[in-house]
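Chain by chain, the residues run as shown.
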Amino acid sequence: KRFRILVIGNANAGKTTILEKVCHARGRKPIHLNSDSKLEPSASRGNHEIEHQFQYPTAHGFVFHDSCGFEAGGAVELQKVKDFIENQAKGGQLKDQLHAIWYCLPTSNDRGMTNAEMSLFESGTGNVPIIAIFTKMDALDQVARNQLMFNGDELSYEEIEEQVPNLAEAMFQEKYLKRLDEVKHKPRYVVLLRDMNKEDTNCDELIVRTSQALDCDTLKLFCLSILRIDIDSRIKQVINR
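Re the state of the cysteines
- Scanning the entire structure with this criterion turns up zero disulfides.
- Left without a disulfide partner, Cys-23 is nearest to the cysteine sulfur of Cys-203, which lies 9.5 Å away.

Some words on the packing of helix H4 (residues 137–149) against helix H5 (residues 157–180)
- Direction vectors running N to C along H4 and H5 enclose 120°, while the axes themselves pass 8 Å from each other. Here H5 runs oblique to H4, going by the angle between their axes. Crossing geometry of H4 relative to H5 is assigned as right-handed. On H5, the residues that touch Met-137, Leu-140, Asp-141, Val-143, Ala-144, Arg-145, Gln-147, Leu-148 and Met-149 of H4 are Ile-160, Glu-161, Gln-163, Val-164, Leu-167, Ala-168, Met-171 and Phe-172.
- Each residue belonging to the contact of H4 with H5 can be placed in one class, and the counts come to 12 nonpolar, two polar and three charged.

Comments concerning the environment of Gln-163
- As for its position among the elements, Gln-163 is in helix H5.
- A relative accessible area of 34% places Gln-163 in the partly exposed class.
- Every residue in contact with Gln-163, bar those within four places of it in the chain, is listed here: Leu-148 and Leu-155.

Comments concerning helix H3 (residues 115–123)
- Taken residue by residue, H3 has Glu-117, Met-118, Ser-119, Leu-120 and Phe-121 as its buried positions.
- On its buried face, H3 sits against strand S1 (3–8), helix H2 (75–89), strand S5 (100–106), strand S6 (130–135) and H5.
- Phi turns positive, to about 85°, at Gly-124, one or two residues after H3.

Comments concerning unusual backbone geometry
- Positive phi outside glycine occurs at Glu-154, with the angle close to 55°.
- Assignment of secondary structure puts Glu-154 in the loop between H4 and H5.
- Residue class for Glu-154 comes out exposed when judged on its relative accessible area of 77%.
- Within the chain, Asp-195 stands out as a residue other than glycine whose phi angle is a positive 55°.

Quick word on the pairing of S5
- Within S5, seven of the seven residues are buried, leaving the element largely enclosed by the surrounding structure.
- Bridge analysis of S1 against S5 gives four bridges, and the strand direction is parallel. Paired with Ile-5 across the two strands is Ala-100, which belongs to S5.
- Pairing of S5 with S6, which is carried by six bridges, proceeds in the parallel orientation. Considered in S6, the bridge of Tyr-103 is made with Ala-132.
- On the question of chirality, the crossover connecting S5 to the parallel S6 by way of H3 is right-handed.

Observations regarding the side chain of Thr-210
- Inspection of the secondary structure puts Thr-210 in helix H6 (residues 204–213).
- Each residue touching Thr-210, except ones within four places of it in the same chain, is listed here: Phe-3, Ala-100, Trp-102, Ile-131 and Cys-223.

Regarding the sheet that holds strand S4 (residues 59–67)
- Pairing in this open sheet of seven strands is mixed, and the strands run S2-S3-S4-S1-S5-S6-S7 from one edge to the other. In this open sheet, the two strands that pair with only one neighbour each are strand S2 (31–32) and strand S7 (189–192).

Brief notes about the nonpolar core
- One finds Phe-121 and Phe-134 to be the most contacted residues of the largest nonpolar core, which totals 33 residues.
- In this view, Phe-134 contacts Leu-105, Thr-107, Met-113, Phe-172, Tyr-176, Leu-180, Val-190, Val-191, Leu-192 and Leu-193; residues no more than four positions away in its chain are not counted.
- Judged by nonpolar contacts, the second largest core, of 31 residues, contains Val-22, Ile-133, Leu-193 and Cys-223.

Cut-off values and rules
- Residues numbered from 1 in each chain as written.
- Predicted model: local features only at pLDDT ≥ 70, side-chain atom pairs only at ≥ 80, totals over all residues.
- Heavy atoms only, no water.
- Disulfide = S-S within 2.5 Å.
- Axes fitted to C-alpha atoms, helices over the stretch in contact; angles between N-to-C directions.
- Helix = DSSP H or I, 4+ residues; strand = E, 2+ residues; numbered from the N terminus.
- Parallel < 35°, antiparallel > 145°, perpendicular 65-115°, else oblique.
- Left-handed = near helix turned anticlockwise from the far one by under 90°.
- Contact = heavy atoms within 4.5 Å.
- Nonpolar A, V, L, I, M, F, W, Y, C, P; charged D, E, K, R; others polar.
- Buried < 20%, exposed > 50% of the residue type's maximum accessible area, 1.4 Å probe, protein only.
- Pairing = 2+ DSSP bridges.
- Right-handed = clockwise from strand over helix to strand, strands pointing away.
- Core = buried A, V, L, I, M, F, W, Y, C linked by side-chain atoms within 4.5 Å.

In structure tokens, the structure reads:
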């Protein structure tokens, strides 16, 4: 049994960190399932081969494919992704099909989401659900903090920290979510990740939302069961949010 995920994101989108967190594989090298492949998940732009598959020794059920996003290759890279999705849909066995797409979009830049990054939401992915993962949300917190510090209101440190979450949320809504509301094919779920560089952070919500996005009950259970860790209580917390 394999749960197959296509991970999409430009350079520095945080893909490798997410995979290591999901698979509890910090510092572990991925296992490449194509004998001729020596690519790392974060290989430099232009060297990605979307057909190459890899997994981590701590979570053998997950099989990942990597795409470098759409800024570098534009329409060419988008077509590669569309062709890959279509080809995987033809897989005879369930384990060979593509089950989910994780689209990593960093919030640590000033430009918001580009038209190139939005292109997949416009073209669609058939029956394969997309989870939009907004990474580096702590960077957006810092933008909000700086704005509050230098807006001339002379707020105290405590007042600034109290207002940061609401301002960062408003920025995110305007800069990112508003654009997603305009696309033809919306992501099945949106997951926000922050402080992924810290030891005590996890990707529980990403796994739960991925399982919820699936139409097949067998796949739902398999997705949750791959990581044999005690996360029952945290899963309930995520579902009840």
